[in-house]
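Residues per chain are reported as follows:
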Amino acid sequence: MSGLPGTVPHRRSGRRVEAAVPLDLSGAGRATAEAVRFLRECQGLGLGVSWRATGTPAYDPRMLRHLPPPAELLGDASLLASWRAGHVHGALYHRRGPEFVTVLDRRERGTAVRLTLDHPALHATFLRLLEPTPVAALDAVEQEALGLLTAERLVLSCGGWAVTLPPRIRQWPVPCTAI
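Residues numbered from 1 in each chain as written. Predicted model: local features only at pLDDT ≥ 70, side-chain atom pairs only at ≥ 80, totals over all residues. Heavy atoms only, no water.

Turning our attention to the pattern of salt bridges. Inspection of every chain in the model, using the stated rule, returns eleven salt bridges. Between R170 and E41 there is a salt bridge; the shortest N-O distance is 3.5 Å. In this pair, R170 is assigned in the segment after β12 (161–164) and E41 in helix α1 (residues 30–44), connecting sequence segments 129 residues apart. Note on R170: relative accessible area 45%, which makes it partly exposed. Taking relative accessible area as the criterion, E41 reaches 15% and is therefore assigned buried. Where E108 meets R153, a salt bridge forms, and the shortest distance between an N and an O atom there is 3.6 Å. You can see E108 sitting in the loop between β8 (100–105) and β9 (113–117) and its partner R153 sitting in the loop between α4 (140–151) and β11 (155–158), a full 45 residues away along the chain. (Salt bridge = Lys/Arg side-chain N within 4 Å of Asp/Glu carboxyl O. Helix = DSSP H or I, 4+ residues; strand = E, 2+ residues; numbered from the N terminus. Buried < 20%, exposed > 50% of the residue type's maximum accessible area, 1.4 Å probe, protein only.)

In structure tokens:
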């Protein structure tokens, strides 16, 4: 068992993972949410990941800057160059406590935002969306929480699906002081 979602075919060799198929970043539906979850979990486990991207994002692609950049992004060389230049391990992550989640967001250079999600609806929705979820499956309170989490760029909601963006980092690279 690799600890990674089985929805994305992949090969794991030690601390490296290779996605067997290109990952859809278009934002058109479940495939994008599953791709983001896969990359988020690789990041959280401290695994190096090699992957290729397809699709033109229908959302601000800078939201994914904390995830490892693809080896190949067809059709948009400037986006790929920007992603590679802006990627920093640990730029966005969350930590869990009893009935709260703390998020550190350093995706934008020169800024560091720390948020504590301790409102029961925000906390529960954040955790629920760790699994890609159809937006239509959320009740009214969860929909409101989704709106707030999306506004803070902590959740990617597009194509009728939503998924939490910050990984829970379980393995930091050594030396972790290099971050």
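Okay, back to it.
Let's shift gears to α1. The end-to-end C-alpha distance of α1, which contains 15 residues, comes to 21 Å, matching closely the 21 Å that a straight helix rising 1.5 Å per residue would cover. When you tally the buried positions in α1, you get 13 out of 15 residues, the bulk of the element. Downstream of α1 by one or two residues, G46 has phi in the positive range, about 70°. (Expected span 1.5 Å × (residues − 1).)

Looking now at the packing of helix α3 (residues 120–128) against α4. Where α3 contacts α4, the axes come no closer than 9 Å and their chain directions differ by 80°. With respect to α4, the element α3 is oriented roughly perpendicular. Along the contact surface, α3 presents A121, L122, T125, F126 and R128, while α4 presents V141, E142, A145, L146, L148 and L149. Each residue belonging to the contact of α3 with α4 can be placed in one class, and the counts come to eight nonpolar, one polar and two charged. (Axes fitted to C-alpha atoms, helices over the stretch in contact; angles between N-to-C directions. Parallel < 35°, antiparallel > 145°, perpendicular 65-115°, else oblique. Contact = heavy atoms within 4.5 Å. Nonpolar A, V, L, I, M, F, W, Y, C, P; charged D, E, K, R; others polar.)

Following the criterion strictly, the structure yields one aromatic pair and no others. Centroid distance W51 to W83: 5.8 Å. Interplanar angle 70°. Geometry classified as edge-to-face. Here W51 is found in the loop between β4 (48–50) and β5 (52–54), whereas its partner W83 is found in helix α2 (residues 77–86), with 32 residues between them in sequence. When its relative accessible area of 1% is taken as the criterion, W51 is described as buried. (Phe/Tyr/Trp six-rings, centres within 6.5 Å; stacked < 30°, edge-to-face > 60°.)

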